Each structure stands twice: as C-alpha cells, then as structure tokens.
Amino acid sequence: MILVLCEATTTEEGDEVLAVPSRQALTLARDLPGASAGVAAVVVDDGEVDVDEVAEDAGRYGAELVYSLEHDLFARYGPETWGAALVAAISEAGATVVVAAGTDRGGEVLAHAAARLDLPLVANVTEVRSDGEAWDLERVRWGGSLLESARLESDCKLVSMLPHAVDAVALDEPEEPELVEFEVELDESLARSCVVDEVVTSTGMSLATAPVVVGGGRGVGSAEGFAQLEQLARLLGGAVGCSRVATNNGWRPHRDQVGQTGTAIAPTVYIACGISGAIQHWSGARSAKHVLAINTDPEANMVQKANWAVIGDLHQFVPALVEAIRAR
Amino acid sequence: MRILVCVKRVPIPGARIPVTADGMAVDDALLGHTMSPHEECAVEGAVQLVEAHGGESVVLTLGSADADEQLRYAVSMGVDKGVLVETDGGDWDPQRTATALVAAIRTLEDEGGPFDLVLFGNESADAGGFQVGIRVATALGRPIVQGIKDVEFGGEVADGSVRVQRPTGSASERYELPLPACLGVREGLNLPRYPTMRGRLQARRAEVASTAAHDVGPGGQSLLALQSPPEQVSTTEIVGAGPEGVDRVIEVLTELKVLS
C-alpha cells in the first residue's frame, strides 16, 4: 500500500479539493513501484474540512482509499501531532511507501514521521526508478541548481516530491474511493507544538503567484532606487522582488527576496533590474516563463539567461519605460 | 540561558556549481565557503538572545577540519564557543548526521548543562534534506517547528517558553513552545551583523573544541551522482538602451499580454 499525505484547500467557488501539490503527489504515486497494491490518500480532519468532498477529489487523482485522521488536537495544525498521526496511519495501512508533497507542511510532517520511525527520507524527489528492492531517485539540491541521483534502501520508503516536478493528471474514469475514518491515539503532550493562533499579515499581491515580477539587485543601489521599480510593477499589475544583496543592505524587507532562501516565483515575465543572477537568486527565479534583464554588464549571468536584455543603466531605462507606458 | 546553534560549511557557488570528475561531490577547490544563510540568522538570533538575557551561546558544526572557519566566523559575530564534530568531510546522509549531532549535544549538556534552545537552519543550502533538525529534536524529545522567521525573543523566555512565528503566504502561524525547544529558522529572522575587527581578532584566538563524530555508519539514503541541470538554451535578444529599446520592450510586453 502506498500512502500519500494530502493537504486540502478551498477553491474560489468554495469547493473543497486537494491542493495542487497533493494532486501531483497522487499522480506520481500511481506510477511508483508497489502501486498495484493500492494507493491511499491521508487527510487530517481539522473539523472544518469537508472530508467527503476532499475524498472525492483524491479519487479523481487515483486514491482508492482515503484515511481521514480524527483527533481533537487536529483542530489546530501541529507538526508533532500530524507527524505522530501519520506514523499511526502508516502502521494501520501497513504502508511500504509514503509520499508527501514537499510543501512547508508536507515536508515537515513527513520528516517528523521519518524521525519517529527512524527511517530514511529522501526530500524533493523528481523521479523514481526501481528494478528491485532498492529505489534509484532523482532529486534536487541547491534549490534546483544541482541534480542528485540517490539510492534509497528501506523496507518502508519515505519520499517528498518536489512541487511541480510532475503535472497533476486526473484519471479518465475515476472511482469513488472508500473513506475510512481513523481515530488516532495521540500523546496529549504533543499539543506543545500546535499553532496557538494565526494572524493575517498581508492582503496584497503575493510574490509567489504574481504574473509579473520586477526585481532589483545590487544595481538599484539604494532603498529609494526601488521607487522606479514599484512604479513599473504597478503599471504592469505585478509585484516587486529583490535579490539577497538588496535585503542584506536593508533596502527591502526579506519577504520581497526572490531566491533559494527567499520566495520562488513563476511569473509570465520577470524583469530583473541590476541583478547579476547568482545561483542563490536564480534558484528562485528559474520558473519564470520569460526573463527581461536590464544590466550594465553584458556578461552577467542574468543577461545570459534572459530572453531579452537591455545593456544599460536601469536608472535611465526604467523611468523612460514607465513614462512611455503612461503616455500610451 | 544556554543556546546552541548547529551550522554547516557550504561552498559559495558563482553562476554554476562545479562538480568533480567522478560526479560525487561539488568541486569546491576554487570556491569560498560560508555557513548556510538560514544558519547565519540563527547565529545572529542566538547572539541577540544572550545579549538580552545573559547566558552563553555555543556554535557546533559537523564536518571536516576546514569547518573551523565557519565556527570562528560565528565566534566573531559574538558566539561564546565553537565545537567541531569532526568527520572525514564526506557526504553524510541525514540519519547519520542527526545521530552524530545528538551524541555531541548530549556530551555538551552533560559537561555544561542543558541548552534552553537548539537552533538549526530550516534546510542546508547544499543538500537540502529538510530533516536533520527534526530528527535531532525528536531524538532529544524536544518540540521543534520549522520555517521560523519571527521569534519573539522578548521577556517571554523567562517563563519557560518561547514564542515564534512562521509565515504561510498571507498569514503567520504563532507557536508557543515550552523550553527546552528546538527551532528550524529561516533567513529573514534578522539581519546578521558584520563581525567587527575586534570580533575577528577574538575569533582568531578563540579556543575551538574538537571531537571525533560518533559514527553509526550510512543510513538508507546514499548519493550515486551529482549533475548540473541541462542549460536552458535561450538566445538573448539584445535590446537597445535608448528610446528604440523602450519601444521594443513595450512591444514584447504587449505580445506577452502583460500590457494591453
């Protein structure tokens, strides 16, 4: 049996479905060695999620069985309670493979399960091959800037999948999965690491999902220099991002940082202004569909990676562009 | 209060990450080294906590003798002591790493008393396994939350708990962990200081303890090969920097339907 830890989300229409990375994880799980013994989704019932609706969606992506984990402590997320619950589900299902999407929660909960079971866990996997007991996997290091082939030898194999490594594909003729409500026994002391409360921090456009990102780096030169970039972003309906140099100099808050240790972006176009394009930054920008670089250095890595490049001073070009767009 | 920070020595890559001829390691012969960015914030956090509440901070690394450089850097930022848990410098899997760290932490606690907080980076910059901190915390029986970007290191520590936050897109989750606790912190927690000249001189003279790693041998995950991702082949169209360039960029943005 393959278990897939799933996270639910609510669509704009108010439907409760699996989050896209969870659908991708189920899609990957269907093709894994051992899938013939069945694929089961695991959802944690927080008392608010519509388990029936989510189970139906899990069925569309290949789950034959859905475990709904039940406990009073699940009303609030907790890495330890969820990790211990996943361990209980693994035992209940007799799972030999456990998959989670490598999201903040998915990766964290799977790591807690791995720690409790003292089993190996391979993180951010993109591909699995097997010709026997051991698995050969492809995974990413350095935020995707280096690829690793790894071997996994374990009776129960735990892998987190790099989000978007595979596309989510629904079954042509899905069957309604069997829903199993599973009352988990938990050590109440694990409540120590449950969420106390949540505060809304931002209602603006999210950098991760912005259709246009205007990024600034060392070449911007100052906090004030970003005003031009903000004007351009506003005109294009986008968000402002920055490189690590800009946050380290205190020009921008860290939440604006695009990169391996910041936010990963995937806009239609990334306008990179005065950014050299070091590994750290490019790791977060590589999913941009198109790149326009504005840089004085024609040899800059970002220029090499760009579809279009303006070799010149951003402090002259960006205001001219803003003015021309306004004049249209 | 006593705080331990676990850091990892990693190379500083430029535009590409060079791999050795046998494909088993990053060829770092020509690269500088640093600690992972998340961990630099963990070090800064530990120094600030001790400045505010008194006590002692210790930095620990598992790695080759070369990692002495990262320990001394942490000392130059204001950490009190460095501890090298020495290995052959090979690529250790997460289970093997965590087991050695747990043994080293237990020894340090036997000698100098328990740590109120053990800080880790959310993930290492190179291997990115997202699990060593969680494995160590679990083995020690202490709570851990990953992704911490805001720590209210304020007066709350005195009451035996620490309040932390982690952003989740448009919101922030708040946790209140009883001490002793572990945290996986992310860059953005603070802005790490540049070491002062005095700090650098102190670090040069500081005593760094060294001990052989407790080695249980490889776990179930092993490295087969490393490889650079295929170059994304893109031909770059050079656009003029003058008015004709502005026109061309507007044309491109219109084609991409970013401008209507």
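Definitions and limits used
Residues numbered from 1 in each chain as written. Chains lettered and ligands numbered in written order. Predicted model: local features only at pLDDT ≥ 70, side-chain atom pairs only at ≥ 80, totals over all residues. Heavy atoms only, no water. Helix = DSSP H or I, 4+ residues; strand = E, 2+ residues; numbered from the N terminus. Contact = heavy atoms within 4.5 Å. Buried area = accessible area lost by both parts, 1.4 Å probe. Salt bridge = Lys/Arg side-chain N within 4 Å of Asp/Glu carboxyl O. Polar contact = N/O pair within 3.5 Å; in protein donor to acceptor, adjacent residues only side chain to side chain. Pairing = 2+ DSSP bridges. Buried < 20%, exposed > 50% of the residue type's maximum accessible area, 1.4 Å probe, protein only. Axes fitted to C-alpha atoms, helices over the stretch in contact; angles between N-to-C directions. Parallel < 35°, antiparallel > 145°, perpendicular 65-115°, else oblique. Left-handed = near helix turned anticlockwise from the far one by under 90°. Nonpolar A, V, L, I, M, F, W, Y, C, P; charged D, E, K, R; others polar.

It is worth spelling out the environment of L101 of chain B at this point. Residues and elements named next belong to chain B. Locating L101 in the fold gives a position in helix α3 (residues 94-112). Each C-alpha atom of the pair L101 and G133 lies 9.4 Å from the other, and the pair is 32 residues apart in sequence. Discounting residues that sit within four places of it in the chain, L101 has contacts with L60, L62, F120, V132 and V136.

Attention now goes to unusual backbone geometry. In this chain, L179 of chain B is followed by P180 of chain B through a cis amide linkage whose omega measures 0°. Here P180 of chain B is to be found in the loop between β10 (171-178) and β11 (181-185). Non-glycine residue D118 of chain A carries a positive phi angle of around 50°. With respect to the helices and strands, D118 of chain A occurs in the loop between α4 (104-117) and β7 (121-130).

With 82 residues of chain A at the interface, the matching set in chain B holds 82 residues. Carbon and sulfur atoms make up 56% of the surface buried where chain A meets chain B, a total of about 6600 Å² over both sides. Looking at the side of chain A facing chain B, the largest losses of area belong to W142, R192 and W308 of chain A, adding up to 11% of the total buried there. Salt-bridge contacts for E187 of chain B lead to R244 of chain A; the nearest nitrogen and oxygen are separated by 2.3 Å. If you look at where chain A meets chain B, you find 36 residue pairs in polar contact (both at pLDDT 80 or more). As judged from the 5 bridges shared by strand β12 (residues 195-200) of chain A and β10 of chain B, these two strands associate in the antiparallel manner. Residue pairing across strands places V195 of chain A opposite Y175 of chain B, the latter belonging to β10 of chain B.

Right, let's get into the pairing of strand β9 (residues 146-152) of chain A. It is a general feature of regular strands that their side chains alternate between the two faces of the sheet. All names here are of chain A. Here β9 lies mainly inside the structure; 5 of its 7 residues are buried. Inspection of the sheet shows strand β8 (residues 135-141) paired to β9 by 7 bridges, in the antiparallel sense. The residue of β9 that forms the bridge with R139 is E148. With antiparallel pairing between neighbouring strands as the criterion, β8 and β9 make up a hairpin whose turn holds 4 residues, including W142 at a positive phi of roughly 50°.

With that settled, the discussion passes to the packing of helix α9 (residues 314-326) of chain A against helix α6 (residues 243-255) of chain B. Two elements in contact, α9 of chain A and α6 of chain B, have axes whose closest approach is 10 Å; the angle formed by their N-to-C orientations is 60°. If you check the angle between α9 of chain A and α6 of chain B, you find them oblique. You can see that α9 of chain A and α6 of chain B cross each other, and the crossing is right-handed. Here α9 of chain A contributes F317, A320, L321, A324 and I325 of chain A to the contact with α6 of chain B, which in turn contributes G245, V246, V249 and I250 of chain B. Of the residues contributing to the contact of α9 of chain A with α6 of chain B, the split by class is 8 nonpolar, 1 polar and no charged.

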